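Spelled out, the chains give:
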Amino acid sequence: MPKTPELNGLAERMNRIIMERVRSMLSHAKIPKSYWVEAMSTIVYPINRSPLVPLKGDVPQQVWIGKDASYKRLKTFGCLSYMHVAKDQRSKLDNNRLIHMSQSRLSYTD
């Protein structure tokens, strides 16, 4: 039957696991729910770089791209970090504290 999610158990289970991890990460890091996309991308990033049984132990990124998976960009979700801004581009009152949200996005703290 079309549009019957019960027939796609493996995908539905993976979606449920990912969403449970998103809720957990947002709660643990005390970050608003509006950052759910960043939490999800942070969760999926290592999943796509881990060996999977359906691929006979291959890593999805290696199968898709043909290159070895890189783990250099892994960071702790929601961790406080500081950035360096050149002296000529900042003032005394500028905020230099950021919260790490995802592989591509940082958010300023108050």
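In what follows, the structure referred to is the one given above.
So, here's what we can say about the structure. (Residues numbered from 1 in each chain as written. Predicted model: local features only at pLDDT ≥ 70, side-chain atom pairs only at ≥ 80, totals over all residues. Heavy atoms only, no water.)

Structural notes on the environment of Pro46
Among the secondary structure elements, Pro46 is positioned in helix H2 (residues 36–47). Among the residues examined, Pro46 registers a relative accessible area of 31% and is labelled partly exposed. Counting along the chain gives 25 residues from Pro46 to Tyr71, while the straight-line C-alpha distance between them is 8.0 Å. (Helix = DSSP H or I, 4+ residues; strand = E, 2+ residues; numbered from the N terminus. Buried < 20%, exposed > 50% of the residue type's maximum accessible area, 1.4 Å probe, protein only.)

Concerning the nonpolar core
Listed in full, the ten residues of the largest apolar core are Ile18, Val22, Met25, Leu26, Ile31, Tyr35, Ala39, Ile43, Ile47 and Phe77. Considering every element that reaches this core, the biggest residue donor is helix H1 (residues 9–29), with four residues. (Core = buried A, V, L, I, M, F, W, Y, C linked by side-chain atoms within 4.5 Å.)

Topic: the packing of H1 against H2
At their nearest, the axes of H1 and H2 sit 9 Å apart, and the two run at 120° to each other. In this view, H1 runs oblique relative to H2, as classed from their interaxial angle. The handedness of the crossing between H1 and H2 comes out as right-handed. Together, Ile18, Met19, Arg21, Val22, Met25 and Leu26 of H1 and Trp36, Ala39, Met40, Thr42, Ile43, Val44 and Ile47 of H2 make up the contact between the two elements. Its residues placed into classes, the contact of H1 with H2 shows eleven nonpolar, one polar and one charged. (Axes fitted to C-alpha atoms, helices over the stretch in contact; angles between N-to-C directions. Parallel < 35°, antiparallel > 145°, perpendicular 65-115°, else oblique. Left-handed = near helix turned anticlockwise from the far one by under 90°. Contact = heavy atoms within 4.5 Å. Nonpolar A, V, L, I, M, F, W, Y, C, P; charged D, E, K, R; others polar.)

Comments concerning unusual backbone geometry
Unlike most non-glycine residues, Lys30 shows phi in positive territory, near 55°. As for its placement among the helices and strands, Lys30 is situated in the loop between H1 and H2. Look at Lys30 and you get exposed, because its relative accessible area is 73%.

Quick word on the pattern of salt bridges
Should their charged atoms come close, side chains of opposite charge can pair. A complete count under the given rule lists one salt bridge for this structure. For Arg16, the salt bridge identified is with Glu20, shortest N-O distance 3.9 Å. Here Arg16 pairs with Glu20, and both are found in helix H1, just four residues apart, close to one helical turn. Arg16 sits in the partly exposed class, given a relative accessible area of 48%. (Salt bridge = Lys/Arg side-chain N within 4 Å of Asp/Glu carboxyl O.)

Overview of the packing of aromatic side chains
For the structure on display, the rule yields zero aromatic pairs. Here Arg49 stacks its cationic end above the ring of Tyr45, 3.6 Å away from the centre of that ring. (Phe/Tyr/Trp six-rings, centres within 6.5 Å; stacked < 30°, edge-to-face > 60°. Lys NZ or Arg CZ within 6 Å of the ring centre and 35° of its normal.)

Looking at a nonpolar patch on the surface
Together, Val63, Trp64 and Ile65 make up a nonpolar patch on the protein surface, roughly 350 Å² of accessible area in all. Among the structural elements, Ile65 can be located in helix H3 (residues 60–65). (Patch = residues over 30% accessible without salt bridge, like charges linked within 9 Å, V, L, I, M, F, W, Y side chains within 5 Å. Areas by Shrake-Rupley, 256 points an atom, 1.4 Å probe, with all protein chains shown as cover.)

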